[in-house]
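Observations on the three-dimensional arrangement
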Amino acid sequence: MTELKFDLEQTDIQVFYGESNKTFDHFKSFFPKLKIVGRGSQITAIGQSENLDFFGQKLSELKVHILKYNSLTNKDLEAIVLSDKETLSVNGIKDVLVHGVGGKMIKPKTPNQKKLVELSQKYDLNFAIGPAGTGKTYTSVALAVKALKEKSVKRIILTRPAVEAGENLGFLPGDLKDKLDPYLRPLYDALNDMIPHKTMETLVENNAIEVAPLAFMRGRTLDHAFVILDEAQNTTASQMKMFLTRMGKNAKFIICGDPGQVDLPKNQQSGLKEVISILKEVQGIGWVYLDGKDVVRHPLVTKILKAYQDKNEIENPPL
C-alpha cells in the first residue's frame with residue numbers, strides 16, 4: 001500500500017467538498033479501491049500506486065477546474081474523471097472570461113465590451129473611455145483575473161488617483177490604508193465578485209494582486225503584470241505620462257476613464273483628455289469608446305446620462 005497526499009491550496013474547498021460533502025463523496029465513489037480522507041485542503045489517499053497515479057491526475061484536473069471556474073457540478077466532475085482531457089469548456093460558452101464566486105459567469109455583455117476583450121488580446125495598451133455604468137472597469141478586471149489564472153501574467157495591479165482625498169484625507173479616521181480604501185473600494189468590489197475571499201487574501205499577501213493609489217506607481221517598472229488605471233480622467237498630465245512610462249516587459253495596460261466626469265481643480269487639465277489627442281495616431285494602441293448603449297446598471301442610468309448629455313449640448317453647442 002502507498003499513501004498520496006494532495007494539497008488543494010488556493011482552491012475554494014467549499015466548492016470542492018460541496019454541500020454536506022456530497023461532491024466529495026461523489027468523487028470518492030469513482031475510486032472504490034482507495035481509502036480517501038479529506039481534512040480541509042489536505043486530501044490523503046491510500047492504495048495501490050497505479051490507482052493513486054490516476055487519482056492524483058484527476059484531482060489535479062479538478063483543482064485547475066475549480067481555480068478557473070469557481071464551481072464544480074456533478075456533470076463537470078463526471079466529465080473530468082471519465083475524460084482524458086485536462087481542460088473542459090462549460091456549456092460550450094466561449095465568451096466567458098472567468099467564473100466568479102458561486103460559479104457566476106462573467107462575460108462581456110455589450111458589443112463595445114466585447115470589442116475591449118478583442119483589443120486586449122491584440123494590443124498591450126488599451127483605452128476604455130465612456131460614462132459610468134458601461135462596464136469598462138469591470139470588464140477590464142475580469143480580463144486581468146483571466147490572465148492571472150491562465151498564468152500569462154504574474155500579478156494584477158489596480159490603481160486609481162485619489163484626487164477626492166487631498167487635504168481631506170487627514171480628517172478621515174485610521175491609518176493611510178484606512179484613509180485610501182474608500183477610493184479603491186470599487187476595484188475591490190469587482191475582484192470580490194471574481195475571486196473567493198480566502199483566495200483573494202492569499203493573493204494579496206503574496207503580492208499577486210495589488211490595489212493602490214496612483215501615487216504609489218511612481219518610480220516603478222511594472223513587468224509581467226496586468227495593470228488597470230481606473231478613473232483616469234482624474235489624472236493630471238504629468239501623472240498620466242508617469243503611469244504610461246511604467247510599462248515593462250510582458251505587461252498589459254488598460255486605462256479606464258470618463259472625460260465628462262473630471263473632479264480635478266478647474267485650473268488643471270485632465271491627463272486623459274490630453275493623452276487622447278497625443279496618442280490617437282500612435283500605432284499599437286487600442287481604443288474603445290463606450291456610451292449609453294453599454295450601460296449595464298439600472299435602466300434609469302441610461303436615461304439620466306442622456307438627459308445630462310442633452311443639457312451639455314444645449315449649453316455647449318458644437319462650433
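Details of the structure are given in the entry above.
Overview of the structure. (Residues numbered from 1 in each chain as written. Predicted model: local features only at pLDDT ≥ 70, side-chain atom pairs only at ≥ 80, totals over all residues. Heavy atoms only, no water.)

**A short note on the sheet that holds strand β11 (residues 285-289)**
Going by this rule: A strand pair is defined by DSSP finding two or more bridges across the two strands. Secondary structure is summarised from DSSP: a helix means a run of H or I of at least four residues, a strand means a run of E of at least two, and numbering begins at the N terminus for each. Each axis is a line fitted through C-alpha atoms, taken for helices only over the stretch in contact, and angles between the N-to-C directions span 0 to 180 degrees. Two residues form a contact once any of their heavy atoms are found within 4.5 Å.
The strand order across the open sheet formed by six strands is β8-β7-β9-β10-β6-β11, and the pairing between neighbours is parallel. Edge positions in the sheet fall to β8 (209-213) and β11, since each has one partner strand and no second. The average undirected angle you get between the axes of adjacent strands in this sheet is 15 degrees. Two elements, strand β6 (residues 125-129) and β11, share five bridges in a ladder whose sense is parallel. When the bridges of β11 are listed, A128 appears paired with V288. Contacting β6, β7 (155-160), β8, β9 (225-229) and β10 (252-257), helix α6 (residues 136-149) runs over the sheet at an angle of about 170 degrees to β9.

**Section: the sheet that holds strand β1 (residues 2-7)**
With antiparallel pairing, the three strands of this open sheet are ordered in space as β1-β3-β2. Each having just a single partner strand, β1 and β2 (35-39) make up the two edges of the open sheet. In this sheet, neighbouring strand axes are inclined to one another by 15 degrees on average, regardless of whether the strands run parallel or antiparallel. Set on the sheet, helix α3 (residues 49-69) makes contact with β1, β2 and β3 (42-47); between it and β1 the angle comes to about 5 degrees.

**A short note on the nonpolar core**
Under the convention used in this document: Here, the term nonpolar core denotes a set of buried Ala, Val, Leu, Ile, Met, Phe, Trp, Tyr and Cys residues that are joined through side-chain atoms within 4.5 Å. Exposure categories follow from relative accessible area, calculated using a 1.4 Å probe and restricted to protein chains: below 20% of the type maximum is buried, above 50% is exposed, and the middle band is partly exposed.
L191, M194 and I209 are the most contacted members of the largest nonpolar core, which has 36 residues in total. Within the residue set of this core, elements represented by two or more residues are α5 (111-122), α6, β7, α7 (176-194), α8 (197-205), β8, β9 and β10. Among the elements that take part in this core, α6 stands out by supplying seven residues, more than any other. Not counting residues within four places of it along the chain, the set of residues in contact with I209 comprises L148, I156, L191, I195, M200, L203 and V204.

**Thoughts on the pattern of salt bridges**
Two side chains that carry opposite charge are able to pair once their charged atoms sit near each other. Our working definition: What counts as a salt bridge is simple: a side-chain nitrogen of Lys or Arg found within 4 Å of a carboxyl oxygen of Asp or Glu.
Taken as a whole and judged by the stated rule, the model has eight salt bridges. In this structure, E3 and K5 form a salt bridge, with 3.8 Å as the shortest nitrogen-oxygen distance. E61 is the partner of K58 in a salt bridge, and the nearest nitrogen-oxygen pair spans 3.4 Å. With a gap of three residues between them, K58 and E61 both fall in helix α3, about one helical turn apart. Overall, the relative accessible area of 0% leaves K58 in the buried class. By relative accessible area, which is 6% here, E61 ends up buried. Where salt bridges share partners, they join R160, D230 and E231 into one cluster.

**Regarding helix α9 (residues 237-244)**
By the burial criterion, the buried members of α9 are M240, M242, F243 and L244. Next to the buried residues of α9 lie β6, β7, β9, β10 and α10 (271-279).

That's the geometry; what it means functionally is another story.
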